Amino acid sequence: CLDISENNIYKIQQVIKHKNIEYVVGDINDRKLVKYILKKYNINIIFHTAAYKHVPIMEFNLYQSFKNNCLGTLSLVEEAINYNVKKFIFVSSDKAVRPTNVMGLSKRLSESIIDYHQQKYNKNEINTQFSIVRFGNVLESSGSLIPLLRSQILKGGPITITHRDVIRYFMTLSEAAHLVIESSFLTEGSEIFLFDMGEPIRILDLAKRMVNLYGRQIKTGENYEGIDIQYIGLRPGEKLYEELLIGDNATKTEHSRILKAQEDFLPYEVLIKHLEKIESAERLGDVLALKEVLKEVVS
């Protein structure tokens, strides 16, 4: 278990008391550390979930978003290949589909990195199988909506919602974890796996249901002591709704809740030029250069 946050590792240790789990505090961009782990423990499968994911925060932290999400992914991929890791499962996001924000764009570029190496595997040029797993919001995950709504309700409000028509897909932590692991058994080294997340939920409806679950009421003209709902407007880069797939070519797998699809990605020669420019801009601290690269990628 490699995590840059020692606090997260501490939380996991309190829940999972297992002598066969090794915990390492570190950064996926630290190649020396990654090499040490892969060699010492003879790793045969990587679940790559390390990413900055908060959309509004990453809009204003361009360097960190692309260094961690894109360059970190590329570094980990290359070392996985060097040490003949058998499988590499990349956990992506629905925000990578037609991205309108920095976080989604960084995940889309990371998917392109994985796609390129999937093609290399299919040509028998490398031994590592790569797959992409893409899904939406996970209830109770770190920094997710439910804990925020809960804290606002327990404080007596107000509940802040960006827009009355915002909808999102949701699944539980245990569902997400199980399906990610299940997908690792299904991969043949060239797929994007999509999870059946059911029908999307309107955030406003979710908030109202949570208020009722906590024995409270929504503030109305007749009920002045209820909890107020305030609409604060969509944040930078935020969508009214998210998608899991570009197009409609998803097909079934042997698992009833896992679909697979094929999509077109950036040609590698184009992708690598973008990554080199991102790395240069990040190294020089050149915000304008980085923004120009992002415009190129989007176009």
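Up top is the structure these notes are about.
Residues numbered from 1 in each chain as written. Predicted model: local features only at pLDDT ≥ 70, side-chain atom pairs only at ≥ 80, totals over all residues. Heavy atoms only, no water.

Chemist: Please provide a residue-by-residue account of the pairing of strand β5 (residues 129-134), values included.
Modeler: Across the six residues that make up β5, a large majority, six, are buried. Inspection of the sheet shows strand β4 (residues 87-91) paired to β5 by five bridges, in the parallel sense. Of the residues in β5, the one forming a bridge with Phe88 is Phe130. Traced from β4 through helix α5 (residues 102-122) to β5, the parallel crossover comes out right-handed. (Buried < 20%, exposed > 50% of the residue type's maximum accessible area, 1.4 Å probe, protein only. Helix = DSSP H or I, 4+ residues; strand = E, 2+ residues; numbered from the N terminus. Pairing = 2+ DSSP bridges. Right-handed = clockwise from strand over helix to strand, strands pointing away.)

Chemist: So, the environment of Arg168: which residues are in play, and what are the values?
Modeler: Position of Arg168 relative to the elements: it lies in strand β8 (residues 167-168). Each C-alpha atom of the pair Arg168 and Ile203 lies 7.1 Å from the other, and the pair is 35 residues apart in sequence. Once residues lying within four places of it in the same chain are set aside, the contact partners of Arg168 are Asn137, Pro200, Ile201, Ile203, Glu238, Lys239, Leu240, Tyr241 and Glu242. A distance of 2.8 Å separates a polar side-chain atom of Arg168 from the backbone oxygen of Lys239. (Contact = heavy atoms within 4.5 Å. Polar contact = N/O pair within 3.5 Å; in protein donor to acceptor, adjacent residues only side chain to side chain.)

Chemist: Talk me through the pattern of salt bridges; I want residue IDs and the actual numbers.
Modeler: Going through the model one piece at a time under the given rule, you end up with 11 salt bridges. For Glu111, the salt bridge identified is with Arg108, shortest N-O distance 3.2 Å. Residue Glu111 and its partner Arg108 are located together in helix α5, separated by three residues, close to a single helical turn. For the pair Glu111 and Arg108, one class covers both residues: buried. (Salt bridge = Lys/Arg side-chain N within 4 Å of Asp/Glu carboxyl O.)

Chemist: How would you summarise the packing of helix α9 (residues 268-284) against helix α10 (residues 287-298) if you had to cite specific residues and measurements?
Modeler: As a packed pair, α9 and α10 sit with axes 9 Å apart at the nearest point and diverge in direction by 160°. Classified by the angle their axes make, α9 and α10 are roughly antiparallel. Here α9 runs over α10; the crossing is left-handed. Each of His274, Lys277, Ile278 and Ala281 in α9 lies in contact with α10, whose residues at this interface are Ala289, Leu290, Val293, Glu296 and Val297. (Axes fitted to C-alpha atoms, helices over the stretch in contact; angles between N-to-C directions. Parallel < 35°, antiparallel > 145°, perpendicular 65-115°, else oblique. Left-handed = near helix turned anticlockwise from the far one by under 90°.)

Chemist: Can you lay out the packing of helix α4 (residues 62-82) against α5 for me, pointing to particular residues and giving the numbers?
Modeler: The contact between α4 and α5 brings their axes to 9 Å, and the two run at 15°. Judged on the interaxial angle alone, α5 and α4 are roughly parallel. When the axes of α4 and α5 are compared, the crossing they make is right-handed. Residue-level contacts link Leu62, Ser65, Phe66, Asn69, Cys70, Thr73, Leu74, Val77 and Ile81 of α4 to Val102, Met103, Leu105, Ser106, Lys107, Leu109, Ser110, Ile113, Ile114 and His117 of α5.

Chemist: Before we move on, can you summarise the packing of aromatic side chains with the specific residues and values?
Modeler: Under the criterion given, the structure shown has three aromatic pairs. Ring centres 3.4 Å apart and planes at 10° place the aromatic pair Tyr116 and Tyr268 in the stacked group. With a gap of 152 residues between them, Tyr116 in helix α5 and Tyr268 in helix α9 connect regions that are remote in the sequence. Tyr116 sits in the partly exposed class, given a relative accessible area of 23%. (Phe/Tyr/Trp six-rings, centres within 6.5 Å; stacked < 30°, edge-to-face > 60°.)

Chemist: Kindly report on helix α7 (residues 173-186), identifying the contributing residues and their values.
Modeler: The end-to-end C-alpha separation of α7 is 20 Å, in line with the 20 Å expected for 14 residues at 1.5 Å each. Residues of α7 that are buried: Ala176, Leu179, Val180, Ser183, Ser184 and Leu186. The arc that holds the buried residues of α7, viewed along the axis, is 160°, so those residues lie on one side. Along α7, exposed side chains directed more than 90 degrees from the buried face belong to His178 and Phe185. (Expected span 1.5 Å × (residues − 1). Arc of directions from axis to C-beta.)

Chemist: Provide a residue-level description of the pairing of strand β14 (residues 258-261), including the pertinent values.
Modeler: Judged from the four bridges that link them, strand β10 (residues 192-195) and β14 form a sheet pairing that is antiparallel. For Phe193, the partnering residue across the bridge sits in β14 and is Lys260. With two bridges connecting them, strand β13 (residues 251-252) and β14 associate as antiparallel partners. Within β14, the position partnered with Thr251 by the bridge is Lys260. Counting the residues that bridge the hairpin from β13 to β14 gives five residues.

Chemist: Requested: an account of the nonpolar core, with residues and values cited.
Modeler: Judged by nonpolar contacts, the single largest core of 37 residues is most densely connected at Phe66 and Phe88. Looking at this core, the elements with two or more residues in it are α2 (31-41), α4, β4, α5, β5, β10, α9 and α10. When residues in this core are grouped by element, the largest group, nine residues, is from α4. By size, the runner-up hydrophobic cluster in this structure holds 15 residues, among which are Ile146, Leu149, Leu204 and Val211. (Core = buried A, V, L, I, M, F, W, Y, C linked by side-chain atoms within 4.5 Å.)

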